[in-house]
Each structure stands twice: as structure tokens, then as C-alpha cells.
Amino acid sequence: MSQPGAKPVAIITGAASGIGLAVTQHLLSKNYRVVLADVNAKQGELVAGSLGPDARFIHTDVSSYASQATLFSTAFAWHGRLDVAALNAGIDDRQSLYEMQEELDADGIPKPLNLKTIDVNLNAVIQGLWLFKYYARKNEKPGGKVVITSSAAGLYAMTTNPQYTASKYGLIGLTRASGPVFVKEYITVNCICPAFLATNLCPKQLLDKFPKEHITPMSTVLKAFDTFLGDDKMTGQSVELSLGKLYFRQQPEWANESQRWLGEDSDGFWEEAYESVPVRDGV
Ligand SMILES: NC(=O)c1ccc[n+]([C@@H]2O[C@H](COP(=O)([O-])OP(=O)(O)OC[C@H]3O[C@@H](n4cnc5c(N)ncnc54)[C@H](O)[C@@H]3O)[C@@H](O)[C@H]2O)c1
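Residues numbered from 1 in each chain as written. Predicted model: local features only at pLDDT ≥ 70, side-chain atom pairs only at ≥ 80, totals over all residues. Heavy atoms only, no water.

**A closer look at the overall build of the protein chain**
Here is step 1: In terms of helices and strands, the protein chain carries nine helices and eight strands.
Here is step 2: The C-alpha atoms of the protein chain give 20 Å as radius of gyration, which agrees with the globular expectation for 283 residues (19 Å, within 12%).
Here is step 3: Seen along its three principal axes, the alpha-carbon backbone of the protein chain occupies a region of about 55 × 55 × 40 Å.
Here is step 4: Counting every position in the protein chain, which comprises 283 residues, the buried fraction comes to 42%.
Here is step 5: Long-range contacts, defined as pairs at least 24 residues apart, comprise 64% of the intrachain contacts of the protein chain with a sequence gap of at least 6.
Here is step 6: With the model as given, the accessible surface of the protein chain reaches about 15,200 Å², and the carbon-plus-sulfur share is 57%.
Here is step 7: The average position of the 26 basic charges and that of the 30 acidic charges among the side chains of the protein chain differ by 9 Å. (Helix = DSSP H or I, 4+ residues; strand = E, 2+ residues; numbered from the N terminus. Rg over C-alpha atoms; globule rule 2.2 N^0.38 Å. Buried < 20%, exposed > 50% of the residue type's maximum accessible area, 1.4 Å probe, protein only. Contact = heavy atoms within 4.5 Å. Areas by Shrake-Rupley, 256 points an atom, 1.4 Å probe, with all protein chains shown as cover. Lys, Arg positive; Asp, Glu negative; His and termini not counted. Charge placed at Lys NZ, Arg CZ, Asp CG, Glu CD.)

Written out as C-alpha cells, the structure is:
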């Protein structure tokens, strides 16, 4: 699926720090051109400026569709190709679901919970995948690879961060549902589910106290990227990353034959149903 000639181009969101920055450096060392996207303009410019001519920064807020669309169109126009997207930008919960002192509106009803976490971690990734497939189809040799950053919180649960957990579960569902479909047009979609890594996601005071034996090294993340980017067929996979190891996680076993039929054999039924009922129109 790799494109003929020249260097492959990758977009990395959340590239100014942590996992995104490490993946950026890794891909540059493997002869990629990398577009670093981040909402933190100062840090992004600073970092990209130190990485040489194959790196460029595009100030992007992934939670804005217009901003992400500009990122993708500019990245594709750079060298007329787009090979990889690491949809990685993420934040933790911005407001606690468990809050005791909810702010009330004029009618005495709680104001809506701040769901920025879902906008950044989940909705923006779906839009990123939507944009990636548009440009991947325009490649001289159509196709490409998407690696999504979910989390171990998407496999288990992080009770302190329920919206974060929901978003990361959503990404695994997105990967499992779309990966096997997109691979038919040479686009693979996989996700990483890291355990705890020492990045700027964690407040500095907590990081200093965090037990070292529970910190997963960045090299495990890079190993997972190498696995996904080195394989043209692997798709729909979620890999848990803990300490030095990769654990591929499958969906639960079918409860019974009926569930297996619904999950594996009912595609034709749904396709026919969607063709006859215009459910995708309007609301
Ligand atoms: N660090 C961990 O322990 C850990 C574990 C599992 C999953 N993750 C996931 O890894 C991903 C990367 O996080 P990290 O640990 O490297 O943290 P980080 O805070 O070091 O990096 C995240 C980057 O995303 C950027 N960002 C935030 N909102 C953005 C937006 N709206 N648009 C564009 N960029 C935005 C930030 O500016 C930052 O540079 C996240 O999705 C996170 O949920 C991290």
C-alpha cells in the first residue's frame, strides 16, 4: 500500500508533547515527513522548529472541524500525498460528573456538564478519520494507515474520569467497526490503549509521586506504531500497552449463536434495510 517514490507524509495530532512528540521523532527517524498538529501554538512551533525541514507545524484545534479540515488539506497539498494519521490529541475530564455544587441556570436547573473531553477525544477522531479517508483515496496509490490513541481506560475504567473513559471506549468501538470496512480500500485503522506514561497529561506534582514500576516506557508505544505501520492488512485491532509489552485485545466472546449471527452474518440484512429506509436523512 505504500506510495511510490518520495517520503511518506504523516499527520500527528497532539504532537507538541508526550506520545505525539515521541511518535513524530520516531517517524522522522524513519524517513517520514511529519505534520505536527497541536492546539498549543507556542510549544508546537518551538518543537517543530527544532526538527528540521521534514517537520512542519500547523496550529490546530481538533475539536473544530474547520481547523482540522485545514490541517488535512494543507498536509495533503504539502507533497500531494497523505500516508498516515496518528489521531492522538486528548485531554482528561474538564468538569467532574460527580460535582456536588452544580451551577444552576435561571430556572434552577443544572447547567450542562462540560463535555469538551468528548469533543476532543472522540468526536474529533471520528472527523479525523472522515477527513483522512477522503485524502487517502486521492493518493497516487489509494490507501493509508490510521493509528488512534485510545487508552487502557477504554478497556477497563478510570472512575475518576468517566467522560474520558467513555471517549476511550468509543475509540475502540470506532476502530473495531470501521477497520474491517476501510481495509477493503487499503486503509487500515487500529488503536493503541496505553497504560500510564509519564507525559504532560498528568500534573507535574502527581508525576513526581507516581510509582516508577507502574510507568510504561515510550518505547512500548513506538513498538505498537511500528507494528501497525509495518502491516498493510492488520486492521480493527486494539492493543493494550503495559510496561514493555503489547497485548492484543479482542471483543468479548459471542454470548450465543444469535449474537454471533447479529455480529457476523447480519450485514446483508442491515445494508438492505438502510437502502430501503432513508434513516441517514435529517435528524
Ligand atoms: N499519558 C498517559 O498515561 C496516557 C495513557 C493512555 C492514553 N493516553 C492518551 O495519549 C494521548 C496523548 O496524550 P499524552 O499523554 O501524550 O499527553 P500530553 O498532554 O503530553 O499531550 C497531549 C497533546 O495534545 C494537545 N491537545 C490537547 N487538546 C487539543 C486539541 N483540541 N487540538 C489539538 N491538540 C490538542 C496538547 O496541547 C498536548 O500537546 C491522549 O489521547 C491521551 O488520552 C495517555
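**Quick look at the pairing of strand S8 (residues 245-249)**
Here is step 1: In the sheet, strand S7 (residues 238-242) pairs with S8 via five bridges, with the strands oriented antiparallel. The partner of Ser242 across the bridge, within S8, is Lys245.
Here is step 2: Between S7 and S8, which pair antiparallel in sequence order, lie two residues; one of them, Leu243, sits at a positive phi of approximately 55°. (Pairing = 2+ DSSP bridges.)

**Considering the site of the ligand**
Here is step 1: In the region of the ligand, 28 residues are neighbours, and Ser17, Asp38, Asn88, Tyr164 and Thr199 sit closest.
Here is step 2: Thr60 is positioned such that a nitrogen or oxygen atom in its backbone is 3.4 Å from a nitrogen atom of the ligand.
Here is step 3: Across the complex, the protein chains shield 92% of the 820 Å² of accessible surface that the ligand would expose by itself.
Here is step 4: Among the detected pockets, the ligand sits in the largest pocket.
Here is step 5: Secondary-structure elements contributing two or more residues to the shell around the ligand are helix H1 (18-29) and helix H5 (162-182).
Here is step 6: Partitioned by chemical class, the residues of the shell around the ligand number 13 nonpolar, 12 polar and three charged. (Near = heavy atom within 4 Å. Polar contact = N/O pair within 3.5 Å; in protein donor to acceptor, adjacent residues only side chain to side chain. 1 Å grid on protein atoms, 1.4 Å probe; cavity = no way out; pocket = protein on both sides within 12 Å on 5 of 7 lines; lining within 4 Å. Sits in = over half its atoms within 2 Å of the grid points. Nonpolar A, V, L, I, M, F, W, Y, C, P; charged D, E, K, R; others polar.)

**Thoughts on the sheet that holds strand S5 (residues 144-149)**
Here is step 1: If you trace the eight strands from one edge of the open sheet to the other, you get S3-S2-S1-S4-S5-S6-S7-S8, paired in mixed fashion. Two strands close off the open sheet at either side, each with one partner strand: strand S3 (55-59) and S8. Across the sheet, the axes of successive neighbouring strands diverge by a mean angle of 20°, strand direction being ignored.
Here is step 2: In terms of strand pairing, strand S6 (residues 187-194) meets S7 through four bridges, oriented parallel. By the bridge assignment, Ile192 is partnered in S7 with Val239.
Here is step 3: Seen against the sheet, helix H2 (residues 41-49) touches strand S2 (33-38) and S3 and runs at an angle of roughly 170° to S3. (Axes fitted to C-alpha atoms, helices over the stretch in contact; angles between N-to-C directions.)

**Things to note about empty space enclosed by the protein**
Any empty space left between atoms is shown by rolling a water-sized probe over those atoms.
Here is step 1: Within this structure, the stated rule accounts for one cavity of 30 Å³ or more.
Here is step 2: In this model, the largest cavity occupies a volume close to 30 Å³.
Here is step 3: Along its surface, the largest cavity is lined by Thr13, Val62, Gln68, Leu87, Asn88, Ala89, Val120, Ala124 and Val125.
Here is step 4: Its residues assigned to classes, the lining of the largest cavity shows six nonpolar, three polar and no charged. (Points joined across faces, edges and corners; volume = space filled by probe spheres on them.)

**Details of the pairing of strand S1 (residues 9-13)**
Here is step 1: When you tally the buried positions in S1, you get five out of five residues, the bulk of the element.
Here is step 2: Burial along S1 is two-sided: the residues Val9, Ile11 and Thr13 and Ala10 and Ile12 are all buried.
Here is step 3: Looking at chain direction, S1 and S2 are connected through five bridges and run parallel. Paired with Thr13 across the bridge in S2 is Ala37.
Here is step 4: After leaving S1, the chain enters H1 and then returns to the sheet as S2, a path that is right-handed. (Right-handed = clockwise from strand over helix to strand, strands pointing away.)

**Brief notes about the side chain of Thr220**
Here is step 1: Along the polypeptide, Thr220 turns up in helix H7 (residues 218-229).
Here is step 2: Taking the relative accessible area as the measure of exposure, Thr220 reaches 1% and is therefore buried.
Here is step 3: When neighbours within four sequence positions are excluded, Thr220 is seen to be in contact with Leu241, Leu243, Gly244, Lys245 and Leu246.

**Focus on the nonpolar core**
Here is step 1: Among the nonpolar cores identified, the biggest contains 30 residues, and Phe72, Leu82, Leu87, Phe132 and Ile148 are the most heavily contacted of them.
Here is step 2: Looking at which element gives the most residues to this core, the answer is helix H4 (residues 116-136), with eight residues.
Here is step 3: If sequence neighbours within four positions are ignored, Phe132 has contacts with Phe72, Leu82, Asp83, Val84, Ala85, Gly144, Lys145, Val146 and Ile187.
Here is step 4: Counting residues in hydrophobic clusters, the runner-up holds 29 residues, among them Leu28, Val84, Phe225 and Val239. (Core = buried A, V, L, I, M, F, W, Y, C linked by side-chain atoms within 4.5 Å.)

**A closer look at a nonpolar patch on the surface**
Here is step 1: Judged by side-chain polarity, Trp261, Leu262, Phe269, Trp270 and Tyr274 come together as a nonpolar surface patch covering roughly 540 Å² of accessible area.
Here is step 2: If you list the elements that add at least two residues to the nonpolar patch, you get helix H8 (257-265) and helix H9 (267-276).
Here is step 3: Considering each element in turn, the nonpolar patch owes the most residues, three residues, to H9.
Here is step 4: Among the secondary structure elements, Tyr274 is positioned in helix H9. (Patch = residues over 30% accessible without salt bridge, like charges linked within 9 Å, V, L, I, M, F, W, Y side chains within 5 Å. Salt bridge = Lys/Arg side-chain N within 4 Å of Asp/Glu carboxyl O.)

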